[in-house]
Amino acid sequence: MTVAKTTALVGAVLAGALALSGCAGSSATDADASSASSAPASPTPTPTPTPSPTASAGQVGADGGGDAGAKVAARDQEQFSDDTAVATPCVDEQLRLVVEPLPDESGAGSFGFQLVFTNASTLGCTFDGWPGLIAIDAAGAEVGWPAYADASPSALVVLAADGGVATAHVRGSQAGAFGCTPIEAAGLRARSTSDGAGAGIDAPYAITVCDGQTSTMTISPLVAG
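Just so you know, these numbers come straight off a predicted model, no measurement behind them.

On to the state of the cysteines. Applying the stated criterion across every chain yields a total of two disulfides. Here C90 is linked by a disulfide to C125, with a sulfur-sulfur distance of 2.0 Å. As the torsion about the S-S bond is roughly 85 degrees, the C90-C125 disulfide counts as right-handed. Linking C90 in the loop between α2 (67–76) and β1 (95–107) with C125 in strand β3 (residues 125–127), this pair joins segments that are 35 residues apart in sequence. The burial state of C90 is the same as that of C125; both residues are buried. With its sulfur 1.8 Å from that of its partner, C180 forms a disulfide with C210. Handedness of the C180-C210 disulfide follows from its S-S torsion of about -65 degrees: it is left-handed.

Here we take up the pairing of strand β2 (residues 110–119). Regular strands have side chains that alternate between both faces of the sheet. Within β2, eight of the 10 residues are buried, which leaves the element mostly enclosed by the surrounding structure. Pairing between β1 and β2: nine bridges, direction antiparallel. What sits directly across from V99, in β2, is L115. Here β1 folds back onto β2 in antiparallel fashion, the turn holding two residues, of which A108 has a positive phi close to 55 degrees. By the bridge criterion, nine bridges tie β2 to strand β8 (residues 165–173) in an arrangement that is antiparallel. Within β8, the position partnered with F113 by the bridge is V170.

This brings us to the side chain of S121. When you line up the elements, S121 lands in the loop between β2 and β3. For S121, a relative accessible area of 16% corresponds to the buried category. Of the polar contacts made by the side chain of S121, one reaches the side chain of N119; its length is 2.8 Å. Reaching out from S121, the side chain makes a polar contact with the backbone oxygen of L123 at a distance of 3.0 Å. Setting aside residues up to four positions removed in sequence, S121 forms contacts with Q94, A161 and D162.

Bringing the confidence of the model for the protein into the picture now. Averaged over the protein, the pLDDT score is 75; the fraction of residues at 70 or greater is 61%. The low-confidence segment residues 53–85 (pLDDT under 50) makes 14 contacts with residues lying over four places distant or belonging to another chain.

What counts as what
- Residues numbered from 1 in each chain as written.
- Predicted model: local features only at pLDDT ≥ 70, side-chain atom pairs only at ≥ 80, totals over all residues.
- Heavy atoms only, no water.
- Disulfide = S-S within 2.5 Å.
- Helix = DSSP H or I, 4+ residues; strand = E, 2+ residues; numbered from the N terminus.
- Buried < 20%, exposed > 50% of the residue type's maximum accessible area, 1.4 Å probe, protein only.
- Pairing = 2+ DSSP bridges.
- Polar contact = N/O pair within 3.5 Å; in protein donor to acceptor, adjacent residues only side chain to side chain.
- Contact = heavy atoms within 4.5 Å.
- pLDDT = per-residue confidence, 0-100.

Given below as structure tokens:
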């Protein structure tokens, strides 16, 4: 065998080996790629939703609804015993006055009568204390001196709308017992307005009072009925 043939043979063998090596490498790479593409993908975690709280029966919502809210509304419409304690104080324009003589209390230079106040308005009102009282002449002018308040304890009186009644007892003395100049009065004027600035509530009643600053009447606090 010649040197040229030997060299050619060795070259052919080396070329074949290189070719086989290249094929093997390419197959391995393809196999890896195929394996990677066919492997299942790992799943992405899905967050668990948080359930929204549900209002139970009777629970009050943000809008104030629910059974509890309804109960509060119903309660606010109920009548409570202390509601009358905050009624508006009586004013003269609400009331009507009648003077009732008490014949059994007459004698020995003194006499008794009572003032009967009736609420003629559509609003209830309250009074606590002694009504103002003074005599008036036939023309409506005030004469004499106002009645004195006695020492009896007073209490809040409620005069219901459309007919509520309260009374005050008055004890009168004959003007002659005071040695004063007598004045024949034709009626009485009572006042219920707390500051005494009301127009007054007039009623006819013949009574003799003293001129000047001598009072002939003593009045008790207003009482219910």
